[in-house]
Amino acid sequence: GTTIVANPVITYKVSDARKFFLDVESAEAALVDASSGTIRAILSGMDYAGACSEDVTDVLTKAVRKFAWRWGIEVTSVQLSDLARVRAYRIYGSTTE
């Protein structure tokens, strides 16, 4: 029931230049897009204390590393540089006529 904002920092190296440069239109963009969804899915199953734990970086790194490999990317670490509780507001309707 807590809304959080997390800012991941992904450290990686190119392990297969052919895949990275030729097989994917933008491997870096694909990594950012796909890892955002994976990180969200993992953190949404945790409470705030779990998201703040030291073990979360290992869990995130393993999950992101798993799919990045197919693009010629070897993920060495995923860390959360920012992790904060926030209030979420939803605005319904339009303010313009």
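Rules of the game
- Residues numbered from 1 in each chain as written.
- Predicted model: local features only at pLDDT ≥ 70, side-chain atom pairs only at ≥ 80, totals over all residues.
- Heavy atoms only, no water.
- Patch = residues over 30% accessible without salt bridge, like charges linked within 9 Å, V, L, I, M, F, W, Y side chains within 5 Å.
- Areas by Shrake-Rupley, 256 points an atom, 1.4 Å probe, with all protein chains shown as cover.
- Salt bridge = Lys/Arg side-chain N within 4 Å of Asp/Glu carboxyl O.
- Helix = DSSP H or I, 4+ residues; strand = E, 2+ residues; numbered from the N terminus.
- Core = buried A, V, L, I, M, F, W, Y, C linked by side-chain atoms within 4.5 Å.
- Buried < 20%, exposed > 50% of the residue type's maximum accessible area, 1.4 Å probe, protein only.
- Contact = heavy atoms within 4.5 Å.
- 1 Å grid on protein atoms, 1.4 Å probe; cavity = no way out; pocket = protein on both sides within 12 Å on 5 of 7 lines; lining within 4 Å.
- Points joined across faces, edges and corners; volume = space filled by probe spheres on them.
- Expected span 1.5 Å × (residues − 1).
- Arc of directions from axis to C-beta.

Engineer: Is there a simple way to think about a nonpolar patch on the surface in this case?
Structural biologist: Together, Val14, Phe21 and Leu22 make up a nonpolar patch on the protein surface, roughly 330 Å² of accessible area in all. When you line up the elements, Leu22 lands in helix H1 (residues 17-23).

Engineer: What should I look at first to understand the pattern of salt bridges in this one?
Structural biologist: Working definition: two side chains of opposite charge can pair if their charged atoms are close together. Applying the stated rule across the entire model yields 2 salt bridges. With its nearest N and O atoms 3.1 Å apart, the salt bridge here joins Arg18 to Asp23.

Engineer: Would you take a moment to explain the nonpolar core for this structure?
Structural biologist: Looking at soluble globular proteins, one finds that nonpolar side chains tend to be buried together. Among the nonpolar cores identified, the biggest contains 18 residues, and Leu31, Val64, Trp71, Ile73 and Val75 are the most heavily contacted of them. Where this core is concerned, the elements lending two or more residues are helix H2 (27-44), helix H4 (55-68) and strand E2 (73-85). Dropping the residues within four chain positions of it, Val64 is found in contact with Leu31, Ser35, Ile39, Val75 and Val78.

Engineer: Help me understand the environment of Gln79 in this model?
Structural biologist: Within the secondary structure, Gln79 is located in strand E2. Gln79 gets classed as partly exposed once you look at its relative accessible area, which sits at 46%. As for Gln79 and Val9, which are separated by 70 residues in sequence, their C-alpha atoms are 5.2 Å apart.

Engineer: Honestly, the layout of surface pockets in this entry has me stumped. Any pointers?
Structural biologist: Which parts of space are left empty comes out when a probe the size of a water molecule is rolled across the atoms. Roughly 330 Å³ of volume is contained in the largest pocket. Surrounding the largest pocket, 15 residues form its lining, Thr2, Ile4, Arg40, Leu43 and Ser44 being those nearest its centre. Take the lining of the largest pocket: its biggest share by element is 5 residues, from H2.

Engineer: What is the right way to read H2 from this model?
Structural biologist: For the α-helix, the turn length of 3.6 residues means that residues three or four positions removed from each other point alike. Between its first and last C-alpha, H2 extends 25 Å over 18 residues, near the 26 Å set by a 1.5 Å rise per residue. Those residues of H2 that sit buried are Ala27, Ala30, Leu31, Ser35, Ile39 and Leu43. The arc enclosing the buried residues of H2, seen along the axis, measures out at 165°, which places them on a common side. In H2, the exposed residues that point more than 90 degrees away from the buried face are Asp33, Arg40 and Ser44. Here the buried face of H2 lies against strand E1 (4-14), H1, helix H3 (48-52), H4 and E2.

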